[in-house]
Every structure is written in C-alpha cells, then in structure tokens.
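Working through the structure, step by step
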Amino acid sequence: MDLAHALKVALQTGKVRLGLEETLQSAKDKKAKILIVAKSCPDTSLLEKNRFDRIPIYHYDGSAVDLGAACGKPFPVSALAVLDPGSSAILSLETS
C-alpha cells in the first residue's frame with residue numbers, strides 16, 4: 001500500500017486529526033480507529049507500546065517532517081489519528 005496516497009485520500013474523504021495533542025485526545029475519547037506516529041514523536045510512550053486499548057498504532061518509519069510531507073502538509077506532523085478513513089484503505093496498515 002502506498003501510505004502517502006492512503007493518507008491523502010483519508011485527509012480528503014475522511015476525518016483525520018493532526019498533531020500530538022489532537023491525536024492523544026482522540027485516542028483518550030476512543031474516537032480514533034488507528035494512530036500513526038512518526039519516529040521523531042516527542043511522546044515516546046506512543047513509540048514503545050500500545051498505550052490505548054484496542055486502538056492500533058502504526059509506527060511510521062520516518063520523521064515528523066516526512067510524515068507531514070506524506071500528508072501533503074508544509075509542516076511537521078508527529079502523530080495523527082484517523083477517526084474516519086473515508087474511501088481510503090488506511091485501516092489495513094499492519095501495526096505493531
């Protein structure tokens with residue numbers, strides 16, 4: 001799967017929250033279907049373990065700048081939460 005394409009489709013047709021605070025809040029509220037976390041995320045607990053029950057976490061193998069670029073954004077994105085995938089296949093990502 002082309003992650004950058006899936007992210008752009010999810011951003012256009014679904015509901016995605018960008019940024020660490022928005023991601024953590026969406027996870028705490030149990031609204032997120034999947035979390036995507038950059039390697040350079042400042043909240044290292046998201047990188048070390050599945051912190052939230054039943055919400056898969058995909059560990060993006062790149063920096064926040066790379067994840068932002070994959071989302072088509074001109075700024076770094078350290079984490080994002082997909083609330084609704086829209087017509088993207090992003091929920092089929094393999095998580096660890």
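Rules used throughout
- Residues numbered from 1 in each chain as written.
- Predicted model: local features only at pLDDT ≥ 70, side-chain atom pairs only at ≥ 80, totals over all residues.
- Heavy atoms only, no water.
- Pairing = 2+ DSSP bridges.
- Helix = DSSP H or I, 4+ residues; strand = E, 2+ residues; numbered from the N terminus.
- Axes fitted to C-alpha atoms, helices over the stretch in contact; angles between N-to-C directions.
- Contact = heavy atoms within 4.5 Å.
- Core = buried A, V, L, I, M, F, W, Y, C linked by side-chain atoms within 4.5 Å.
- Buried < 20%, exposed > 50% of the residue type's maximum accessible area, 1.4 Å probe, protein only.
- Disulfide = S-S within 2.5 Å.

We now examine the sheet that holds strand S2 (residues 34-38). With mixed pairing, the four strands of this open sheet are ordered in space as S1-S4-S2-S3. Bordering the open sheet on either side are strand S1 (15-18) and strand S3 (57-60), each of which pairs with just one other strand. Taken pair by pair, the neighbouring strands of this sheet meet at an average axis angle of 20°, ignoring direction. Note: S2 against strand S4 (residues 79-84), four bridges, orientation antiparallel. Its bridge partner lying in S4, Leu35 is registered against Ala81. Relative to the sheet, helix H2 (residues 20-28) contacts S1, S2 and S4, its axis offset from that of S4 by approximately 45°.

In this structure, Leu7, Ile36, Leu67, Leu80 and Ile90 are the most contacted members of the largest nonpolar core, which totals 18 residues. A total of four residues in this core trace back to one element, the largest contributor, which is helix H1 (residues 3-13). Among residues more than four places away in sequence, those in contact with Leu80 are Leu7, Val16, Arg17, Leu18, Thr23, Ile34, Leu35, Ile36, Leu67 and Cys71. Core analysis: the next-biggest nonpolar cluster, separate from the first, contains 14 residues, Leu35, Cys41, Ala79 and Leu83 among them.

So, on to the state of the cysteines. As enumerated under the stated definition, the model contains zero disulfides in all. The thiol of Cys41 is unpaired, and the distance to the nearest cysteine sulfur, on Cys71, comes to 13 Å. The class of Cys41 is buried, set by a relative accessible area of 4%. Residue Cys71 is classed as buried on the basis of its relative accessible area of 5%.

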